[in-house]
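What follows is each chain in one-letter form.
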Amino acid sequence: MGSLNIENVKKSFGPVDVLKGIDLAVSDGEFVVFVGPSGCGKSTLLRVIAGLEDASSGRVIIDGSEVTSTPPAKRGIAMVFQTYALYPHLTVRNNMALGLKQAGTPAAEIDKRITAASTMLSLEPYLERRPAELSGGQRQRVAIGRAVVREPKLFLFDEPLSNLDAALRVNTRLEIAQLHRRLKATMIYVTHDQVEAMTLADKIVVLNAGRIEQVGAPMELYNSPANLFVAGFIGSPKMNFIDGARLGESVKTIGVRPEHLSVDAKKGTWKGTVIHAEHLGADTNIYLDCEKAGLLTVRVFGVYDAEPGATLYATPDPGRTYRFGEDGQAVK
Amino acid sequence: MSRATNSFSRSAAAHAILIAYTIIALFPVFIIVINSFKSRNAIFRTPMAPPTAETFDLVGYRTVLAQGDFLQYFQNSFIVTVASLFFVLLFGAMAAFALSEYRFRGNKLMGLYLALGIMIPIRLGTVAILQLMVASGLVNTLAALILVYTAQGLPLAIFILAEFMSTVSDDLKNAGRIDGLSEYTIFFRLVLPLVRPAMATVAVFTMIPIWNDLWFPLILAPSEATKTITLGAQMFIGQYVTNWNAVLAALSLAILPVLILYLIFSRQLIRGITSGAVK
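Residues numbered from 1 in each chain as written. Chains lettered and ligands numbered in written order. Predicted model: local features only at pLDDT ≥ 70, side-chain atom pairs only at ≥ 80, totals over all residues.

Undergrad: Even after reading the chapter, I still don't get the overall build of chain B, so can you show me in this structure?
TA: The secondary structure content of chain B amounts to 13 helices and zero strands. Beginning at the N terminus, the succession of helices and strands in chain B can be written as α-α-α-α-α-α-α-α-α-α-α-α-α. Dimensions of chain B, computed from C-alpha atoms along their principal axes, come out at roughly 75 × 70 × 30 Å. Of all 279 residues assigned to chain B, the portion counted as buried reaches 33%. Partitioning the intrachain contacts of chain B with sequence separation of at least 6 by distance along the chain shows that 76% fall at a separation of at least 24. (Helix = DSSP H or I, 4+ residues; strand = E, 2+ residues; numbered from the N terminus. Buried ≥ 20, exposed ≤ 12 C-beta atoms within 10 Å, placed from the backbone. Contact = placed C-beta atoms within 7 Å.)

Undergrad: Would you mind showing me how to read the overall build of chain A here?
TA: In terms of helices and strands, chain A carries eight helices and 18 strands. The principal-axis extent of the C-alpha atoms belonging to chain A is close to 75 × 45 × 35 Å. Sequence-distant contacts, at least 24 apart, represent 62% of the contacts inside chain A between residues at least 6 apart.

Undergrad: How should the domain arrangement of chain A be read in this particular structure?
TA: For an interface, size is often stated in terms of accessible area lost upon the parts coming together. Split by domain assignment, chain A resolves into domain 1 (4-230) and domain 2 (239-324). Between the C-alpha centres of domain 1 of chain A and domain 2 of chain A there is a distance of 38 Å. (Domains from an automatic or database assignment.)

Undergrad: Please clarify how the pairing of strand E2 (residues 16-26) of chain A should be interpreted in this entry.
TA: All names here are of chain A. Across eight bridges, the pairing between strand E1 (residues 4-13) and E2 is antiparallel. Its bridge partner being in E2, Val9 is matched across the sheet by Ile22. Connecting E1 to the next strand, E2, in antiparallel fashion are two residues, including Gly14 with a positive phi near 60°. (Pairing = 2+ DSSP bridges.)

Undergrad: What is the right way to look at the sheet that holds strand E16 (residues 294-301) of chain A in this model?
TA: Backbone-to-backbone hydrogen bonds join strands into a sheet, with any given pair of strands oriented parallel or antiparallel. All names here are of chain A. Across the sheet, five strands lie side by side as E13-E17-E14-E15-E16; this open sheet has antiparallel pairing. Only two strands of the sheet have a single neighbouring strand rather than two, namely strand E13 (261-264) and E16. For this sheet, the mean angle separating the axes of adjacent strands, direction not counted, is 45°. Where strand E14 (residues 270-279) lies against strand E17 (residues 311-316), four bridges are found, and the strand directions are antiparallel. Of the residues in E17, the one forming a bridge with Thr273 is Thr311. (Axes fitted to C-alpha atoms, helices over the stretch in contact; angles between N-to-C directions.)

Undergrad: What is the right way to look at the confidence of the model for chain B in this model?
TA: Interpreting fine coordinate detail is not advised for predicted regions of low pLDDT. Looking at chain B, pLDDT values average 86 and 94% of them are 70 or higher. Here helix H13 (residues 244-277) of chain B stands out as the least confident element of chain B, with mean pLDDT 76; helix H6 (residues 126-135) of chain B is the most confident, with 94. (pLDDT = per-residue confidence, 0-100.)

Undergrad: Looking at this structure, I do not really get the interface of chain B and chain A. What am I missing?
TA: Contact with chain B, which involves twelve residues of that partner, is made by 17 residues of chain A. Elements represented by at least two residues in the side of chain B that touches chain A include exactly helix H8 (170-178) and helix H9 (183-194) of chain B. Per element, the largest residue contribution to the side of chain B that touches chain A is six residues, and it comes from H8(B). Classifying every residue of the side of chain B that touches chain A by side-chain character gives six nonpolar, three polar and three charged. (Nonpolar A, V, L, I, M, F, W, Y, C, P; charged D, E, K, R; others polar.)

Undergrad: In this structure, what is going on with the confidence of the model for chain A? I would like to understand it.
TA: Residues with a pLDDT of 70 or more make up 100% of chain A, whose mean pLDDT is 91. Within chain A, the lowest mean pLDDT, 90, falls on helix H5 (residues 166-183) of chain A, and the highest, 95, falls on strand E3 (residues 31-35) of chain A.

Undergrad: What is the right way to read the domain arrangement of chain B from this model?
TA: Residues and elements named next belong to chain B. Here chain B is partitioned into domain 1 (1-57) and domain 2 (69-277). Averaged C-alpha coordinates put domain 1 and domain 2 at centres separated by 31 Å. Contact residues are listed per partner, giving seven residues for domain 1 and seven residues for domain 2. When contributions to the side of domain 1 that touches domain 2 are tallied by element, the ones reaching two or more residues are helix H1 (8-36) and helix H2 (40-45). For the side of domain 1 that touches domain 2, the element with the highest residue contribution is H1, accounting for five residues. The residue makeup of the side of domain 1 that touches domain 2, split by class, is four nonpolar, two polar and one charged.

Undergrad: I'm lost on the environment of B:Phe56 in this one. Help?
TA: Residues and elements named next belong to chain B. Along the chain, Phe56 turns up in the loop between H2 and helix H3 (59-66). Given 12 C-beta atoms within a 10 Å radius, Phe56 is considered exposed. Once you skip the residues sitting within four places of it in the chain, Phe56 turns out to touch Phe37, Lys38 and Pro51.

Undergrad: Honestly, helix H1 (residues 42-50) of chain A in this entry has me stumped. Any pointers?
TA: The α-helix advances 3.6 residues per turn, and as a result positions three or four apart in sequence lie on the same side. In terms of burial, H1(A) is a largely internal element, nine of the nine residues being buried. Backbone geometry just downstream of H1(A) places A:Gly51 in the positive-phi region, at approximately 90°.

Structure (structure tokens):
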């Protein structure tokens, strides 16, 4: 009931090309996350899908019918915004009801849907309150509730967790994941936070400078990034990139993830000096300045005592290095 | 030891300055009001003294209410002010919404063009306006005044409101669009309530010059039926003899309606002025 197809969508604001030809297919019930750095066009793409921006060219197809020139309210979508965007003068109940009233839904049906949604999101005690009387987390739940009652073909989330504090972010992330499992609806979610992307997505779309860099399941992107950009963007701390020539390799760049390096005080592949160590409890990030490989980040699980200035050897796990060619694409 | 805030001498000095300013600002009004309750002799003999049992005289108010159709003048002023205010706020807000919300070719130029009126006084165009009103048969109608005042008030209204409208969250307007609200509903139901303090600011700045204006009523609508209160008060000022009792009484009465309107808007006004400054 909620597939989405995007065919060669381009969007320009004056001379600036924000989207440079996007093709994407999302099947029914999928949770797709658009991720990318600021200004990569992910929010613009979402707004083109929502109909809040017109595409300069290309087609948007929701559930088999073309909606490229359909107004947002008629596209069968619901959107959750970063700033919640609740109507300040309406109670929680009326915030949820407004869209349905506009669409001419019978009052009994509206009541039924609001009851169901507010139970699901534990909003019953707040139904008669105004948004100003709610906390940030509650407001975002109301915004999600407002989307749920519309029973849309497509849920659109525009960085919904960015305005919440860290603890609440984890809780709300969990709620969104549960919501997806329960409703089995198609969801498109925009974020710049790769943890959100990895934890929520069935499929991640990595965008950069108005183009799709790679589409795939979270583990697929982690295990076999298509190019330097995806390799550097997915994973934290960031993948180490080493100049191939310095290692005497044939390819331009060699990539090693920090967690795929092990350290030893006596022997190893690359000798280096500890510059700094970050102790996080569960793991330790060590920054090593290596003679051959340059600056490397090493992630060691558990506690590891490494004083700045000490000499350590880093060794990559066999078979867990990535090779990238002159054009930045992965070389198999 | 002196503290950074809340020091007595500092707040006393601040209060002294503010009180002094208040006295200076209110003094002319005070003189007008006390003298309007005095007899003619007392006005000239002791202009600064408040009315006493001997000098108290309501002759000015009696003259005003008996002579000339003051109720009519009040009504004219009120109609002109309220109608102009309504149109300035409505059209000003709509134009400001369009300028701040929609991207279209010439948006910036249009904004500049609409704001030009702030710098060019409308009175420079008096002759052309008069010709226009004569040609369209609007001389000696309240409509002429309302049209002119609407034009006079719009530039500042658009300038101020456009700034405020651009601070209204885009997400909120987009949420409305997704919920199927029309652009008009978004404007009236979502955006206008949020810029209410700015609307009140604009209302006060627009209202006072209109109420006090003598120029356009004198030129465009001097007939008995369309006289405004400021124009009406002029009839007691003669070339040789001025009936000061009546003039002062008329002016005192003229303060009241505008004071009431101001009180209605003022709570919002303070928020409007400060919200731009401390945000």
